[in-house]
Every structure is written in structure tokens, then in C-alpha cells.
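# Reading the structure
Okay, here's what each chain looks like letter by letter:
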Amino acid sequence: MKSEAPTVAIMGRPNVGKSTLMNRLASRMEAIVDPTPGVTRDRKYAPARWRDREFVVVDTGGVGIEREGWLDREVERQAFFAAEEADVLVLVVDVNTGITEDDDWLARRLKRLRSDTIVAVNKVDNQNLEYEVGGFYALGLGEPVGLSAYHGLGIGELLDRITDLLPSWGEEPVEPEIAVAIVGRPNVGKSSILNRLADEERALVHEKPHTTRDTIDTIVESDGTSYRILDTAGIRKKRTGISDVEYYSSIRTFRAIEQADVVMLVIDGWEGPSEHDQRIAGKIESRGRASVILINKWDRVEEAHKAVEVMEAIARKFRFATHLPLLRVSAVTGRGVDKILPLVDAAFGEWNKRIPTPVLNDFLALVKVKVAPPRKGNRELKMYYATQAGVAPPTFVIFVNDAGLVRQDYRRFIARQLREEYGFWGSPLRIHFRTTRKR
């Protein structure tokens, strides 16, 4: 799926500074930057703006002649998907190495696409290296631009060249209405679900864990609603024993949760729910996001006649989160995928639901009759009135004579009653008790 805004794809062999350049062009820390070749594997999209022109920058994985193994081939395929859909291409090369065989091979491949291409000669960190930039004319792609993505040198000239080549684009981009993050343990099928929703191969899919290293943004439109879907790296159990790249991938995952309106927690139905899945659900709840649970690989569960066993395990592990909607899906067969976005819509609506104050106080009067408020010694909790202070997540303030009398079990009781009466399915609730004098 091609974005409505013009797109600029950054191409190049591994470790020439593509992700650093993307971060400069987008004026934000979007892509993970690490000296290890191959950190970027999927296409990563980020909005950019220059001279009142808006466009989308696409970072790609490193490509070259000598590519071995499934993952290298898929990285290359994803990179050329981005190149084919882009309006402008930026070929990044390294001034320190001169033109390599990979650079020459890639330049020839890009010429066949007949798209406007700019050669960005990176790592020009001092005046002595500026004289080397002219040598990259030999790639046959026109005048090269010397720059240092790390130091920010020459970025303005590159952006000027990019905006001069962008096609005319009269309409303002449509902002996505709902931001959705896909999270879960490694290898549970997050990228496969994204590809099903996007109806194309936007993220790499393979049985090897940690194929996704960074957070991948994809815009999906369905029934007049636009969704910005963030596919994230799998969240590992512990910080110890993992690389810096994997650690910062986890940090990006938690940031994606905070940026999302609705979080889809994907659980491997074949393996069943784990304590780690519980912890992830707890982190989503603590950040106040709406959430739905997707039990993936349900085709395998049914084939093995394990459905009852898995559902019983879900009920045990998630007894603290009975308010979360649950959907059984199979990214392989497509089962239930058509129900995912409607479920996201429902959770988003519940997350933004507001109850009028008069209705809420009628509810409070019934609650006081149903179960006597707690007391401590001669003092009894008296609830005077309530109001909803906010949405996303729904937040309530109940004014009482002494907030110190409120026990956790009574707070949970109030939350259960609110859910039974008004729903709020898929959404955390925030309930605050505030001491005040009776009005």
C-alpha cells in the first residue's frame, strides 16, 4: 500500500548510515542506529517536512551482491518494494570506501526503476573528504551530494534536492484516526497479522525469533477509518543476556504502547499463555491504553483438539483482566482477521466513552444500597457525588468524607459495577477518591 503523501526511499548497502540519515530527515529518533550491519530489516516509514512540503521517508535494510540465507534475501526484497513505490530515491554511499561493487550494482538496479535518484555521499566529516565526493559521478546518477548524517552537515542541501523532485500533491494528508500497536513475545505472529491487515508483505515474516528489530509503521484503511498500525519487536523477559539492539528495540516497543490508542496483545495459542504475557498485559494497563487479546495460531490449536485446554489456561492467567476482549485468529489461514479492526473500533469507543454526571450519580446511589461502604471504627465511608474527569482512559473522581477509608477491594468493587453497568470493555479504569466536605 502506497501512502497518499509523496515517498522518499533511502537505499544503500549495509552500514553506510541510512538509518542515521532517516533520523535527520525526519527530525526525530525514529530508527535504531547501531554499528552492527543488518540492524534495519523491514521498511520503516516516518513523516518529514521541508519548505512547506510534506513527504514520507522510508528506511530500508542494507542490500548488496553477496546476500546469503533467507533473511538477507527478504531484506533485499523489502528494500526494493520500497524503491518501487517511492517517488524519489536516495542512494547512500560511504565517502571513505569510494564506489564499491555493491554500490555500482545497486545504482544499476535503481536506474531500471526510472525514478529520480539522488546520490548521498555520507560521512563527509571534514573538508579534505569533500574533494572525494565528485568521484561518485561515476555511478551515473547525476551530481552527488556530500553530507554527514551523524553531524548534520549537508542535510539542508539534500532536502532541497528532494523537495525539488517531489511530485505535486494538492491535498493535505489524512491523519490516521486510530493508532494501534501490535505487541507480544517474540515469534507469536505479530508481523504475520500486520501483513494480513495490510493485505501485503509490509513486515518480514519468519519462524526465527527477533526478525523484527524496530517498530514498523503501516497505514491501513478500512470502512472509512484510517489506522496507524505499529508492529513492534518481541518483548523479551529479561534485560540481561541480550544485545544493545534488542534492548533498545524493547524500549521502542514500550514507547509504541504509549503512542497507541489501542494495543493488540498477541498470544501464541499453540504454546498457550505465559506469565510473560501477563506482565505485558500489566504494562499496557499501567500505561492506560485500550487493549484487545488476539490468540494466534488457532488453526493449530483446533487441529490438535486443544481448544478447551487453551481457553481454560487463558481464563486462569488473565483472571485479573476479564474486561479485555478476546479473539481467536490464525494469521496463516486468515481466520478471524476480518474481525480484528472492528474489535479495535469497539475498544477505542469504550476507551473514549463518557458518562453524564447525573447518570453517574444515580449509579452511585444504587451502588451504596447494593453493598454497604467500608468503615473503620466509628467512621463510615460516605460517598457524596461522582463525576467523570476524563477519557482515554475513562477516569472518575468520587468525592467522599474520608478517602483514607477506601480499601482496595472496595475500589475494585466500584470498577466491577461500572463495567457491569456501562461496559468499558477493553479499557482500563482510573478511579480516584477525594476527601471533601458535603455540599
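Residues numbered from 1 in each chain as written. Predicted model: local features only at pLDDT ≥ 70, side-chain atom pairs only at ≥ 80, totals over all residues. Heavy atoms only, no water.

### Things to note about the overall build of the chain
Put simply, the test is: Numbered from the N terminus, helices here are DSSP runs of H or I no shorter than four residues, and strands are runs of E no shorter than two. Partly exposed residues are those whose accessible area sits between 20% and 50% of the maximum for their type, while under 20% is buried and over 50% is exposed, using a 1.4 Å probe and protein chains only. Any two residues whose heavy atoms approach within 4.5 Å at even a single point are treated as in contact.
Looking only at helices and strands, one finds 13 helices and 17 strands in the chain. Within the chain, the fraction of its 439 residues that count as buried is 52%. A separation of at least 24 residues holds for 72% of the contacts in the chain among residues at least 6 apart in sequence.

### Here we look at the pattern of salt bridges
Applied cut-off: Here, a salt bridge means any side-chain nitrogen of Lys or Arg that lies within 4 Å of a carboxyl oxygen of Asp or Glu.
This structure, assessed with the given rule, holds 15 salt bridges. In this structure, Arg13 and Asp103 form a salt bridge, with 2.9 Å as the shortest nitrogen-oxygen distance. With Arg13 in the loop between β1 (7-11) and α1 (18-26) and Asp103 in helix α3 (residues 101-112), this residue pair connects regions lying 90 residues apart in the sequence. Take Arg13: its relative accessible area is 12%, and that puts it in the buried class.

### Looking at the pairing of strand β10 (residues 262-268)
Consecutive residues of a regular strand have side chains that alternate between opposite faces of the sheet. Under the convention used in this document: Strand pairing requires that DSSP identify at least two bridges connecting the strands. The handedness rule is simple: strands pointing away from the viewer, and a clockwise path from the first strand over the helix to the second, make the crossover right-handed.
Taking burial as the measure, the seven residues of β10 include seven buried ones, the bulk of the element. Of the two faces of β10, both are covered, the one formed by Val262, Met264, Val266 and Asp268 as well as the one formed by Val263, Leu265 and Ile267. With five bridges joining them, strand β7 (residues 178-184) and β10 adopt parallel strand pairing. Bridged to Val180 within β10 is Val262. In the sheet, β10 pairs with strand β11 (residues 290-296) via seven bridges, with the strands oriented parallel. Within β11, the position partnered with Ile267 by the bridge is Ile295. For the crossover that starts at β10, traverses helix α8 (residues 275-286) and ends in the parallel β11, the hand is right-handed.

### Here we look at the nonpolar core
Heads up, the condition is: To define a nonpolar core, start from buried Ala, Val, Leu, Ile, Met, Phe, Trp, Tyr and Cys residues and group those joined through side-chain atoms within 4.5 Å.
Counting 28 residues, the largest nonpolar core has Leu91, Leu106, Leu110 and Val121 as the members making the most contacts within it. At the level of elements, β1, β3 (53-59), α2 (69-85), β4 (88-94), α3 and β5 (116-122) are the ones that each hand at least two residues to this core. Other than its neighbours up to four places away in sequence, Leu110 contacts Met11, Phe80, Ala83, Leu89, Leu91 and Thr117. With 27 residues, the next largest nonpolar core counts Val188, Leu194, Val292 and Ile340 among its residues.

### What to know about the confidence of the model for the chain
Atomic detail in the predicted coordinates should be set aside for any region of low pLDDT. Put simply, the rule reads: How sure the predictor is of each residue is captured by pLDDT, a score from 0 to 100.
Model confidence for the chain is summarised by a mean pLDDT of 84, while 82% of its residues fall at 70 or above. Least confident of the elements in the chain is helix α7 (residues 244-259), whose mean pLDDT is 62; most confident is β11, at 98. Ignoring residues within four places in sequence, the model shows residues 29-41, a span with pLDDT below 50, making 48 contacts including any to other chains. Counted against residues more than four places away or in other chains, residues 239-249, with its pLDDT under 50, gives 16 contacts.

### Description of α8
So the rule is basically this: By this rule, a helix spans an expected 1.5 Å times one less than how many residues it contains. The arc under discussion is defined with respect to the helix axis, by the directions toward the C-beta atoms. Any N or O atom pair separated by 3.5 Å or less is treated as a polar contact, with the protein-specific requirement of one donor-capable and one acceptor-capable atom, and with residues adjacent in sequence counted only for side-chain atom pairs.
The first and last C-alpha atoms of α8 sit 17 Å apart over twelve residues, in line with the 16 Å expected at 1.5 Å per residue. Those residues of α8 lying buried are His276, Asp277, Ile280, Ala281 and Ile284. All buried residues of α8 fall inside an arc of 145° around its axis, so they share one side. Where α8 begins, the capping side chain belongs to Ser274, and its oxygen is found 3.3 Å from the backbone nitrogen of His276. Following α8 by one or two positions, Gly288 has its phi on the positive side, about 75°.

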